[in-house]
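Structural features, examined
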Amino acid sequence: MHLDRLAHYIAGGRPPGAARSYPGCRDRRPPVASVPVELRGALYFATRSPVWRGGRAFYDPEAEGRVLARAHLVSAEQFTDIAAQEMYREPGGELDLGEAVRAGRSVLGAGRYETLICPGSLDGRPVLTFTAPWRMHEVAPTAPSAAYLRHLAQGLLEAGAWDVDTVTAYLAACPGTAGLWTERAVAELLRDDTDRPNGASA
C-alpha cells in the first residue's frame, strides 16, 4: 500500500527495514495512478516473514468486514512481475490472470501469496491482488514487525482518504495486531522512524 515500498518491487532494491532486495519489474515505470479503495473482507496477519521478521498481511475476501486498501494502475506485465517477486519467483514469466478475472479467484500454488483474487472492477478495469489459499480462521495470527506495520500505515495515510485515527484504529483491530499493537503504538510508528520490537504496545 505504500508507494515507496511498491517502488522497490517495480524499480528494484531493498525497502527500509526489509532483509531482502527485489530485482524489480521488466517495465520500471511507476503506476499511472494510485487511488484509495475499500474492499469487502478482512485484513489479518499470519505466518512469519523472513524479510520483515514478523507476521505477513493477508486478505480474506470471504470474511466479514472491510479492508482499507489502495489500487495502483499498473500493466498486466507489471502485476505479473510484482506477484512473481512475492511468490519468490524470478520476474519475467507469464501468469494466467484470466481465471481470476472471470471467477474472482485463481489458485496458482500452495504458497502464501500464490492465490490471485479479483474482488471487482474500478473504472472498467479489474482489481487484482494476491493472498494465501487458506481462510483467516485456518491459521494462527502472528504480530507484524514495526517496520512492516509502518509501511502499511504510511501507505493508507498517503492515500488521503483516511485520517490518522481511522488508520491506527483499523490496523490495531486486525487479527495478529489486536491486543498486541494498540492504536497509540501504531500512531507512534508514524511519528518515529526507529523500529520497535514485534508486538510493541503502549
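Our structure's up above, just so we're on the same page.
Residues numbered from 1 in each chain as written. Predicted model: local features only at pLDDT ≥ 70, side-chain atom pairs only at ≥ 80, totals over all residues. Heavy atoms only, no water.

What to know about helix H2 (residues 76–86)
The buried fraction of H2 is high, at nine of eleven residues. All buried positions along H2 are accounted for by Gln-78, Phe-79, Thr-80, Asp-81, Ile-82, Ala-83, Ala-84, Gln-85 and Glu-86. Residues of H2 that are buried sit in contact with helix H1 (3–11), strand E6 (115–122) and strand E7 (125–131). Looking at the residues trailing H2, positive phi occurs at Tyr-88, about 60 degrees. (Buried < 20%, exposed > 50% of the residue type's maximum accessible area, 1.4 Å probe, protein only. Helix = DSSP H or I, 4+ residues; strand = E, 2+ residues; numbered from the N terminus. Contact = heavy atoms within 4.5 Å.)

A short note on H1
The periodicity of an α-helix, 3.6 residues per turn, causes residues three or four positions apart to be oriented the same way. The set of residues buried in H1 consists of Arg-5, Leu-6, His-8, Tyr-9 and Ile-10. On the buried face of H1, the contacting elements are strand E4 (66–72), H2 and helix H4 (146–159).

What to know about the sheet that holds strand E5 (residues 105–107)
One open sheet holds the three strands; their spatial order is E5-E6-E7, and the pairing between them is antiparallel. Looking at strand neighbours, the two that pair on one side only are E5 and E7, the edges of this open sheet. The average undirected angle you get between the axes of adjacent strands in this sheet is 20 degrees. Pairing of E6 with E7, which is carried by six bridges, proceeds in the antiparallel orientation. Across the sheet, Ser-121 pairs through a bridge with Pro-126, a residue of E7. (Pairing = 2+ DSSP bridges. Axes fitted to C-alpha atoms, helices over the stretch in contact; angles between N-to-C directions.)

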